[in-house]
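# Examination of the molecular architecture
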Amino acid sequence: MSDGEKPSLIGQIKDKLIHSKERTAAEGRHLTGKADLRRENRLPPGQHLVEKWPVLDLGIQPDIPLDTWALVIDGAVRNPVTLGFDEFMALPQVHYVSDIHCVTTWSRYDNNWDGVSSQTILDLVKPTDAARHVIFHSHDGYTTNIKLEVFAEPDVLLAHAWEGERLTREHGGPVRAIVPQWYFWKSAKWIERIEFSPVDKPGFWEERGYHNEADPWTEERYS
Ligand SMILES: Nc1nc2c(c(=O)[nH]1)N[C@H]1C(S)=C(S)[C@@H](COP(=O)(O)O)O[C@H]1N2
Ligand SMILES: [Mo]
């Protein structure tokens, strides 16, 4: 391979991290086999509680200035939109509190989010009858997929603030998705496009050994 094809340092770190997480999935680590079907415990099986909020990404933390930030919402919708940050902030705002469950086994309770609810987005773009899936596309090249009915859950939002402060760059600011009922890899950071689709499109981790759904209560960790 020529010098020009050598992965950059970030690329190497990124590849190491991706390979280690792929190995985790292939070996089925962290599975307890103790599904909590009735959600009797607040902490899902195989999880432990943390106080500080860890940062997980692919080694790239895109820096998106607010004046150039835009969110495209398109695909199987009657009213595709491109929102600037001011337009996004002018939409009805919600305050939700939810727990985070990361597939790497940490959970964090009572996170305070501010942003725009998925319901407001649905009312705005009006998915067609053909729409079945929602695909998040992010500025770092990351993608992740959820079913339309999961997106429509009343606790899902596009968040721009955590604990009353602007969402930091490392945690996916200016705007990230929050899908509290699934493992946290479904909560895309640095979103740039929300695609409504008739067909499913497994995302970055879904194509690398992670489950297509991601229910922490039944330990849908790996595919
Ligand atoms: N764009 C993007 N979103 C992403 C990721 C990523 O690498 N890129 N990682 C996912 C994973 S695996 C997790 S656990 C959470 C981590 O979010 P945090 O860094 O705010 O804790 O973001 C999810 N969303
Ligand atoms: Mo994760």
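The numbers attached to residues start from 1 for each chain and follow its sequence in the written order. As they are written, the chains are lettered A onward and the ligands numbered 1 onward, keeping that order. Owing to the predicted nature of the model, reporting of local features is limited to residues with pLDDT of at least 70; listing and counting of side-chain atom pairs is limited to 80 or more, with chain, interface and lining totals taken over all residues. Side-chain figures throughout are based on the complete set of non-hydrogen atoms in the structure, without hydrogens or water.

### Details of the UniProt feature "domain: Oxidoreductase molybdopterin-binding" (unreviewed entry) in the chain
What counts, and what does not: UniProt positions are given in the numbering used here, feature names are shortened, and annotations may be inferred rather than shown by experiment. Put simply, DSSP H or I for four residues or longer makes a helix, DSSP E for two residues or longer makes a strand, and each gets a number counted from the N terminus.
If you check UniProt for "domain: Oxidoreductase molybdopterin-binding" (unreviewed entry), the listed places come out as residues 63-205 in our numbering. Annotated as residues 63-205, this span is 13% helix and 41% strand, and its ends, taken at the C-alpha atoms, are 22 Å apart.

### Quick look at the pairing of strand 2 (residues 70-75)
Convention followed: Strand pairing requires that DSSP identify at least two bridges connecting the strands.
Pairing of strand 2 with strand 3 (residues 81-84), which is carried by four bridges, proceeds in the antiparallel orientation. Following the sheet pairing, L71 is matched in strand 3 by L83. Two successive antiparallel strands, strand 2 and strand 3, enclose a turn made up of five residues.

### Description of the side chain of D140
The following threshold applies: Only protein chains enter the accessibility calculation, which uses a 1.4 Å probe; a residue whose area is less than 20% of its type maximum is buried, one above 50% is exposed, and one in between is partly exposed. In this tally, Lys and Arg are treated as positive and Asp and Glu as negative; His is ignored, and so are the chain termini. A side-chain nitrogen of Lys or Arg and a carboxyl oxygen of Asp or Glu constitute a salt bridge if their distance falls within 4 Å. Between N or O atoms, a polar contact is any pair within 3.5 Å; within protein, one atom must be a potential hydrogen donor and the other a potential acceptor, and residues adjacent in sequence are included only when both atoms are from side chains. Whether two residues are in contact is decided by their heavy atoms: any pair within 4.5 Å suffices.
For D140, the position within the fold is in the loop between strand 6 (133-138) and strand 7 (143-147). No salt bridge forms around the buried D140; measuring N to O, its nearest opposite-charge neighbour K189 is 7.3 Å away. Here the side chain of D140 touches Y142 through a polar contact of 3.2 Å, landing on its backbone nitrogen. Discounting residues that sit within four places of it in the chain, D140 has contacts with L58, I60, P62 and W190.

### Remarks on the side chain of E206
Counting through the fold element by element, E206 comes out in the segment after strand 11 (191-197). At 2.8 Å, the side chain of E206 forms a polar contact with the side chain of W185. Of note is the side chain of E206, whose polar atom sits 3.1 Å from the backbone nitrogen of G203. Among residues more than four places away in sequence, those in contact with E206 are T143, T144, N145, W185, K186, H211 and N212.

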